[in-house]
Amino acid sequence: MTRAERVSRNLNRALHALFAADERAWLLGEDVADPYGGAFKVTQGLSTAYPDRVLSTPLSENGITGVAGGLALCGDTVIVEIMFGDFAGLAFDPILNLITKSVAMYGERTPMRVVIRCPVGGGRGYGATHSQSPQKHFIGIPHLALYELSPLHDAADVLAAALRRDEPAMLFEDKILYTRRRYVDGRVDDRLAFEPRGADGNWARVHDPDATGAPTLVIAPGGVADRAIAAATRAAERGRTVEVLVPARLYPVDVDGLRDLLDGAQGVIVAEESTAGGTWGSEVAARLHAEAWPLLRGPVELVSSADRVIPSAPHLEQAVLLGTDAILDRIMRLPAPTTAAGDRGGRTDAGPAAPAGVSPGVPVDVPRLNPNDDSYVLLEWLVADGATVEAGEPVAAVETSKAIEELAAAQAGVLRQDVAAGADCAPGTPIGRILPESAVPAPVEPPAVPARVTPPGRPLPPAQRRIADVVSTSHREIPVAFTAVRVDVTAALAYARRAADETGATVGLTEVVIAAVAALHERFGGLYARLTGDGLVVDAEAPSIGLTVDVGTGLFLPVIRDAAGLDLGDLADAVVALRMKALRGRLREEDMAGMNFLVALNDTPGVTVARPVIPPGVTCALSVPDVHREVVLDGDGGVRERTVADLGLAYDHRLVNGAQAGAFLAALGEVLQH
């Protein structure tokens, strides 16, 4: 697969190509000139290459847009950058009353080649006035087209389509996309493909080529597309077929690009990050109802962010903005596709016939979730006994030694609980049944559990119990030694800042350390090996680096597999993705499997040395504490300041001796100092 560039780089390249091809192109905006290159680095290099046509302006969105209108009236092409889309409201008057009206106000059609770029959306903790999605406020202005950047469209194609109209356009760019990589070669991942559809390839259709059954169509622009794709993937795990449709042009709405997909679709959902009321989604629904009603099985569903001011605190912001869970919930609320009796090998919705003496229904089985566990704990039932459930709806939570997994209903019906919460359950055994509503017997009481006297106090949370088990096993079985060295990380921090600017990824000392640890695997293979219960040493073919993620409710150890094969930008993306999954409670068993080296983050301010615990199955754990500054003498007797970190290596003394540990830390320090 072709290596995909990041969305911000793709847009930057498109702007460079536009300026190279059009000698009358201008770029106006606040702080767009080098070396700053715009708040999100999209305009880097443009002012250096075209110093007379790329101008940093005063802080006046109204003035910037008014000047753009004047240049366009003279026949020039103008790209305007609004630093944050929230401030596009300050430019509303020149957009509404000058730039758009000038197309048809002077007795003949006047080309107005203006594209107003607006970074929009939340997810970065920027707060109420820097996180909004104001697209809906510009719908319906004559001669104004609205576009939105996505990872499925080439920015050069979008800009070309906007300028080809010879009318003003606004290009909305979800800020969370800037550091994401585009999808290329017609693939989203190993399961999902995408294809362009409609005029100018305006629509991107994301689908599973091997899926069968009537799909639910989720229409999602820009940064919401990834959330819709994630929801589609999770819905597929629950038996639903979902296709995601991503437009490049929001307005005017291109219904023709959707028409053939609507026939036979189970339902249509429009997902957008703006608040409800007078939205782009409403416009899509109105157009579909007016022009394609005979093809729809029901009204178009709309899902959007909460009708509240956007907070800065990440957990509060997450509660307000439209997320994957809300999209998935709306998908699962649609009626499940029905299968006629006798289809697919003669099975019906009621499932296979039950043996004599056994109640009918589809069992709720406990799958094999962790190969190291012989049994799990049925933590809780998520749905009451006798309640009606939908296909794919989570009905129970099972705790393994590493994580909590939800079990979903295989079909719609009535839940019967056969095992009480708190009981142990072995992989492959049923804990309940889903009965057809037409064959529901009287409620069956779950087996009684012996009454227990509850001592005073509160139980440890499940996540903390898992941590306690790991620590207890480590102290019981692993003879741990520990060595720490002070490393000058001044150069490493500077390298991280340069890498962040060059790649657009979130790169810090943690990511640089993980990359260095992965690179040392070839020289120090014994530190990545594991010891079996039979006393055999198994070498690791590739470094899979675990890292500690503390989300306040528990400590998790997700794993970056084959870390040496990732460049620093991809590795940083992987770290962010794992942290977000942990924060949202979405880490799965596979996210925490296969670790052969642990990087333990102990970077609480003021912590200078920390001794990490070695998880069972791992030989070494490296602690990365908080950095601090110190004053040292240089070679000429002068004084200089440097930034240092006291890196500590805990190691299993059965496999690693002190000399090996010291050599590893010395090599790591050398990498970080150069």
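Analysis parameters
Residues numbered from 1 in each chain as written. Predicted model: local features only at pLDDT ≥ 70, side-chain atom pairs only at ≥ 80, totals over all residues. Heavy atoms only, no water. Helix = DSSP H or I, 4+ residues; strand = E, 2+ residues; numbered from the N terminus. Rg over C-alpha atoms; globule rule 2.2 N^0.38 Å. Buried < 20%, exposed > 50% of the residue type's maximum accessible area, 1.4 Å probe, protein only. Areas by Shrake-Rupley, 256 points an atom, 1.4 Å probe, with all protein chains shown as cover. Salt bridge = Lys/Arg side-chain N within 4 Å of Asp/Glu carboxyl O. Pairing = 2+ DSSP bridges. Axes fitted to C-alpha atoms, helices over the stretch in contact; angles between N-to-C directions. Contact = heavy atoms within 4.5 Å. Polar contact = N/O pair within 3.5 Å; in protein donor to acceptor, adjacent residues only side chain to side chain. Phe/Tyr/Trp six-rings, centres within 6.5 Å; stacked < 30°, edge-to-face > 60°. Lys NZ or Arg CZ within 6 Å of the ring centre and 35° of its normal.

Undergrad: Could you clarify how one ought to interpret the overall build of the protein chain in this entry?
TA: What the protein chain contains, in helices and strands, is 16 helices and 32 strands. The globule rule puts the C-alpha radius of gyration for 674 residues at 26 Å, and the 29 Å found for the protein chain is close to it. Projected onto the principal axes, the alpha-carbon positions of the protein chain cover approximately 90 × 85 × 45 Å. For the protein chain, buried positions account for 49% of its 674 residues. Total accessible area on the protein chain stands at roughly 30100 Å², and carbon and sulfur atoms take up 54% of it.

Undergrad: Sorry, what's going on with the pattern of salt bridges here?
TA: Close approach of charged atoms lets side chains of opposite charge pair. Under the criterion given, the structure shown has 37 salt bridges. Measuring nitrogen to oxygen at the nearest pair gives 3.8 Å for the salt bridge that ties arginine 13 to aspartate 154. Here the residue arginine 13 occupies a position in helix H1 (residues 7–21), and aspartate 154 occupies one in the loop between strand E5 (145–148) and helix H5 (155–164), the gap between them amounting to 141 residues. Under the relative-accessibility criterion, arginine 13 is labelled partly exposed at 41%. Its salt-bridge partner being aspartate 418, residue arginine 433 comes within 2.8 Å of it at the nearest N-O pair. Within this pair, whereas arginine 433 is found in strand E21 (residues 430–435), its partner aspartate 418 is found in the loop between strand E19 (413–417) and strand E20 (424–425), the two being separated by 15 residues in sequence. What makes aspartate 418 partly exposed here is its relative accessible area of 28%.

Undergrad: What exactly am I supposed to notice about the sheet that holds strand E4 (residues 114–120) here?
TA: Within a sheet, each strand pairs with its neighbour through backbone hydrogen bonds, oriented either parallel or antiparallel. In space, the seven strands of this open sheet follow the order E2-E1-E3-E4-E6-E5-E11, with mixed pairing throughout. One side of each edge strand has no neighbouring strand; the edge strands of this open sheet are strand E2 (54–56) and strand E11 (249–251). Along the sheet, successive strands turn relative to each other by an average axial angle of 20 degrees, direction set aside. In the packing of helix H3 (residues 61–73) onto the sheet, contacts are made with strand E1 (25–29), strand E3 (77–81) and E4, and the angle to E1 comes to roughly 170 degrees.

Undergrad: Just checking my understanding: could you explain unusual backbone geometry for this structure?
TA: Among all residues except glycine, the phi angle is most often negative; among peptide bonds, the trans geometry is most common. Going from aspartate 34 to proline 35, the amide bond is cis rather than trans, its omega being 10 degrees. The residue proline 35 is located in the loop between E1 and helix H2 (46–49) in this model. Cis rather than trans, the peptide bond between tyrosine 251 and proline 252 has omega equal to -5 degrees. Even without a glycine there, the phi angle at lysine 41 is positive, about 65 degrees. Inspection of the secondary structure puts lysine 41 in the loop between E1 and H2.

Undergrad: What exactly am I supposed to notice about the side chain of serine 131 here?
TA: Structurally, serine 131 can be placed in the loop between E4 and E5. Relative accessible area serves as the criterion here: at 1%, serine 131 is assigned to the buried category. Within the local environment of serine 131, its side chain forms a polar contact with the backbone oxygen of glycine 127, the two atoms lying 2.7 Å apart. Beyond its immediate chain neighbours, meaning those up to four positions away, serine 131 contacts Asp86, Gly121, Gly122, Tyr126, Lys175, Glu273, Ile310 and Glu317.

Undergrad: Honestly, the packing of aromatic side chains in this entry has me stumped. Any pointers?
TA: Where two aromatic rings form a pair, the distance of their centres and the angle of their planes describe that pair. According to the stated counting rule, one finds ten aromatic pairs in the structure shown. Ring geometry for phenylalanine 40 and phenylalanine 84: centres 5.5 Å apart, planes at 75 degrees, overall edge-to-face. Remark: phenylalanine 84 occurs in the loop between E3 and helix H4 (92–99) and phenylalanine 40 occurs in the loop between E1 and H2; sequence separation between them is 44 residues. Judged by its relative accessible area of 12%, phenylalanine 40 is buried. Taking the relative accessible area as the measure of exposure, phenylalanine 84 reaches 11% and is therefore buried. A connected cluster of aromatic rings, assembled from ring pairs, spans Phe40, Phe84, Phe87, Tyr126 and Tyr178. Above the plane of the ring of tyrosine 36 lies lysine 41, whose end atom (NZ or CZ) is 4.1 Å from the centre.

Undergrad: Any chance you could explain H5 here in plain terms?
TA: Side chains of residues three or four places apart in an α-helix project in the same direction, reflecting 3.6 residues per turn. Those residues of H5 lying buried are Ala155, Val158, Leu159, Ala161, Ala162 and Leu163. The secondary structure elements touched by the buried residues of H5 are H1, E3, E4, E5 and strand E6 (169–174). Sitting at the head of H5, aspartate 154 places a side-chain oxygen 2.8 Å from the backbone nitrogen of alanine 156. Immediately downstream of H5, the backbone of aspartate 166 shows phi near 60 degrees, a positive value.

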